[in-house]
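Listed below are the residues making up each chain.
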Amino acid sequence: MADSSNTSSSTAATTTGNPPEIRSWADEADEIDQAEKSSAANENDSAEPQIGSLQIDESKRVINSTLDDPEDSRIEAVTSGDTMYKSAKRFEDLNLSPELLKGLYVEMKFERPSKIQEISLPMILTPPYKNLIAQAHNGSGKTTCFVLGMLSRVDPKLAAPQALCICPTRELAIQNMEVLLKMGKFTGITSELAIPADAANYIPVSKRPPVSAQVVIGTPGTINKWVTARKLGMSCMKILVFDEADHMLAETGFQDDSIRIMKAIVKASADSQVLLFSATFGENVKAFVTKIVRDLFVKDYNQMFVKKEELSLDSVKQYKVQCPDELSKVMVIKDKILELGQKVGQTIIFVRTKNGASMLHKSLVDYGYEVTTIQGALKQEDRDKIIKEFKEGLTQVLISTDLLARGFDQSQVNLVVNYDLPVRHESPSEPDHEVYLHRIGRAGRFGRKGAIFNLLCNDRDDMLMSKIENHFNSQVTEIASWRSDEDFENALKKAGLL
DNA sequence: GGGACGG
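Conventions used here
- Residues numbered from 1 in each chain as written.
- Chains lettered and ligands numbered in written order.
- Predicted model: local features only at pLDDT ≥ 70, side-chain atom pairs only at ≥ 80, totals over all residues.
- Heavy atoms only, no water.
- Helix = DSSP H or I, 4+ residues; strand = E, 2+ residues; numbered from the N terminus.
- Buried < 20%, exposed > 50% of the residue type's maximum accessible area, 1.4 Å probe, protein only.
- Domains from an automatic or database assignment.
- Contact = heavy atoms within 4.5 Å.
- Buried area = accessible area lost by both parts, 1.4 Å probe.
- Salt bridge = Lys/Arg side-chain N within 4 Å of Asp/Glu carboxyl O.
- Nonpolar A, V, L, I, M, F, W, Y, C, P; charged D, E, K, R; others polar.
- Polar contact = N/O pair within 3.5 Å; in protein donor to acceptor, adjacent residues only side chain to side chain.
- Near = heavy atom within 4 Å.
- Pairing = 2+ DSSP bridges.
- Axes fitted to C-alpha atoms, helices over the stretch in contact; angles between N-to-C directions.
- Lys, Arg positive; Asp, Glu negative; His and termini not counted.
- Core = buried A, V, L, I, M, F, W, Y, C linked by side-chain atoms within 4.5 Å.

**Concerning unusual backbone geometry**
Okay, step 1: In this chain, Pro127 is followed by Pro128 through a cis amide linkage whose omega measures 10 degrees.
Okay, step 2: Within the element layout of this structure, Pro128 appears in the loop between α4 (115–125) and β3 (131–135).
Okay, step 3: Unusually for a residue other than glycine, Arg230 sits at a positive phi of about 65 degrees.
Okay, step 4: Within the secondary structure, Arg230 sits in the loop between α7 (220–228) and β7 (239–242).
Okay, step 5: Phi is positive for Glu244, which is not a glycine, with a value near 50 degrees.
Okay, step 6: Topologically, Glu244 is positioned in the loop between β7 and α8 (245–250).
Okay, step 7: A residue is classified by how much of its surface remains accessible, and Glu244, at 1% relative accessible area, is buried.

Following this line, the structure appears as structure tokens:
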């Protein structure tokens, strides 16, 4: 967890000197790993030899193989080139400014680097500042990791944009900015949020002054707009961070903007460093992302990935509920999940569409329940208000589209409901495993307890569910009867929530 | 389908 590392003996990155193996840093690494001695890895290798591997002759594999605590995540770092990295056991090992250290200890209340920080921060902060592709699990502290990276690399005396962070949603940009302000409180480092202004505060880009803030966090459209209008200068940029990088670089609609920003940075500031962070890097995405980094940046890149026996699937308990029809799904939410949920914390209910969100909202409100709903069609001020109320604990239940699937951090969320299972848009008979993982990652933050309820009401749902179970190789427990209060109570007890 | 570019 991010705020206080455990005390088990840590895992220094140690150079083995072995020739590099071709490895995957996808989140499915565990599966691949289990089978890799046999055929899986070989298949991968022969099909696409460059993927997930490094430039063969100049790379070294650095792996922490000396774990003595089976509870620990396994963190693997693959470095390229000759630079040696020493893991940071203490923040003092990182040459941070006293002001930043104070922020870490006093504001963030950190004691020492978390596992992923211990390994990745030296890779981020050691010259020649190589690019980094980092997979870190939900709730493992990846935000604090790249925020610290940005704050450390900014020169406080230079009043120009030096760090840029790009996020897939406005909410995530805002949330990351809040972490930055907190951690950087004593540094005097300036920052600006680059998201679209609401109608009331709208100023045409041509009429706004150039950005002088040292750190800019925002969404791709607005950032591009500012860059194109020459209001956001790239010449002093040292570090570019993509949060939810797989999504930003692979998804149509994000991809063009993201690549354009990358190109602008490379053009203006050749030695800039790019950090790609996500909990998931699917097979296809991984290939694509590595290719982009290779093509665009002169410098090569390091990789880090966190392996855990069952991903983030182990601290939260997953359930599935057979519901005979749509209405019974509403009944389950109303009579079981909301009633019991009151006792165990906050709940997020995920739906597939904005319309679905509105319909469910109306149903529950008509039954007299207090729920709020967030989706992208709302006005920004409403979005802000709903998030604020939820984060302050004023509302207990939040219905959301996949707007909140990624990155949303609210520690009181113990229950996640999939009213609709996540499906791939291009082939709706296939589940979206990455989105599933991100959604359930909203519960059980930083190792806390949590429960997931998947509501199924037809053969297609059954099929999707079983594909998800197979993919993650984890059995999802079936609730015997959707009508039984006792069944749901026991489920929450087993999840450690009652 | 969702999110990200609207002005």
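**Observations concerning the domain arrangement of chain A**
Okay, step 1: Split by domain assignment, chain A resolves into domain 1 (75–310) and domain 2 (316–495).
Okay, step 2: For domain 1 and domain 2, the distance between their C-alpha centroids amounts to 30 Å.
Okay, step 3: Tallying the contact residues gives 19 residues for domain 1 and 19 residues for domain 2.
Okay, step 4: Each partner contributes to the roughly 1,500 Å² buried at the junction of domain 1 and domain 2, and carbon and sulfur atoms together form 51% of this total.
Okay, step 5: A per-residue breakdown of the area domain 1 buries against domain 2 is headed by Asn138, Glu171 and Gln175, which together make up 35% of the total.
Okay, step 6: Viewed at the interface, domain 2 and domain 1 are joined by 3 salt bridges.
Okay, step 7: The salt bridge partner of Arg383 is Glu171, with a shortest N-O separation of 2.7 Å.
Okay, step 8: Among the elements of the structure, α6 (170–183) and α8 are those that each provide at least two residues to the side of domain 1 that touches domain 2.
Okay, step 9: If you tally residues by element for the side of domain 1 that touches domain 2, the top one is α6, at 6 residues.
Okay, step 10: For the side of domain 1 that touches domain 2, the per-class residue count stands at 3 nonpolar, 10 polar and 6 charged.

**Notes on the side chain of Lys320**
Okay, step 1: Within the fold, Lys320 resides in strand β10 (residues 316–322).
Okay, step 2: By relative accessible area, which is 12% here, Lys320 ends up buried.
Okay, step 3: A distance of 2.7 Å separates the side chain of Lys320 from the side chain of Glu469, its partner in a polar contact.

**With respect to the pattern of salt bridges**
Okay, step 1: For the structure on display, the rule yields 26 salt bridges.
Okay, step 2: A salt bridge links Glu192 to Arg208; its shortest N-O distance comes to 2.9 Å. Placement of Glu192 in strand β5 (residues 191–194) and of Arg208 in the loop between β5 and β6 (215–218) is noted, with a sequence separation of 16 residues between them.
Okay, step 3: Judged by relative accessible area, Arg208 falls into the buried class, the value being 16%.
Okay, step 4: Glu434 serves as the salt-bridge partner of Arg424, at 3.6 Å between the closest nitrogen and oxygen. Taken together, the residues span a long stretch of sequence, with Arg424 in the loop between β14 (413–418) and α14 (433–440) and Glu434 in helix α14 at a distance of 10 residues.
Okay, step 5: One continuous salt-bridge network, built from bridges that share partners, spans Lys142, Asp243, Glu244, Asp246 and Arg406.

**Remarks on the protein's contact with DNA strand B**
Okay, step 1: Near DNA strand B there are 26 residues, and of these Lys225, Phe254, Gly376, Arg383 and His425 occur at the shortest range.
Okay, step 2: Sugar and phosphate atoms constitute 52% of the interface atoms of DNA strand B, taking the interface as everything within 4 Å of the protein.
Okay, step 3: At a separation of 2.6 Å, a base nitrogen of DNA strand B approaches a polar side-chain atom of His425.
Okay, step 4: Considering every element that reaches the surface near DNA strand B, the biggest residue donor is α7, with 3 residues.

**A few points about the sheet that holds β10**
Okay, step 1: The parallel open sheet is built from 7 strands, whose spatial order is β12-β13-β11-β14-β15-β10-β16. Among the strands making up the open sheet, the edge pair consists of β12 (372–374) and β16 (477–479). The sheet shows a mean angle of 25 degrees between the axes of neighbouring strands, taken without regard to direction.
Okay, step 2: In this sheet, strand β15 (residues 450–456) lies alongside β14 in parallel orientation, the contact comprising 4 bridges. The partner of Val417 across the bridge, within β15, is Phe453.
Okay, step 3: Where helix α13 (residues 380–391) meets the sheet, its contacts fall on β11 (346–350), β12, β13 (397–400) and β14, and the angle it forms with β12 comes to roughly 125 degrees.

**Regarding the side chain of Asp432**
Okay, step 1: By the element assignment, Asp432 lies in the loop between β14 and α14.
Okay, step 2: There is no salt bridge for the buried Asp432, and the closest opposite charge comes from Arg424, which lies 4.1 Å off by N-O distance.
Okay, step 3: Only 3.3 Å separates the side chain of Asp432 from the backbone nitrogen of Glu434, close enough to count as a polar contact.
Okay, step 4: Once you skip the residues sitting within four places of it in the chain, Asp432 turns out to touch Pro422, Val423 and Arg424.

**Observations concerning the nonpolar core**
Okay, step 1: Judged by nonpolar contacts, the single largest core of 47 residues is most densely connected at Leu96, Met150, Met183, Ile217 and Met304.
Okay, step 2: If near-sequence neighbours (up to four positions away) are discounted, Met150 is found in contact with Ala163, Leu164, Cys165, Leu180, Val215, Ile217, Ile239 and Val241.
Okay, step 3: By size, the runner-up hydrophobic cluster in this structure holds 34 residues, among which are Ala194, Met237, Ile261 and Val285.

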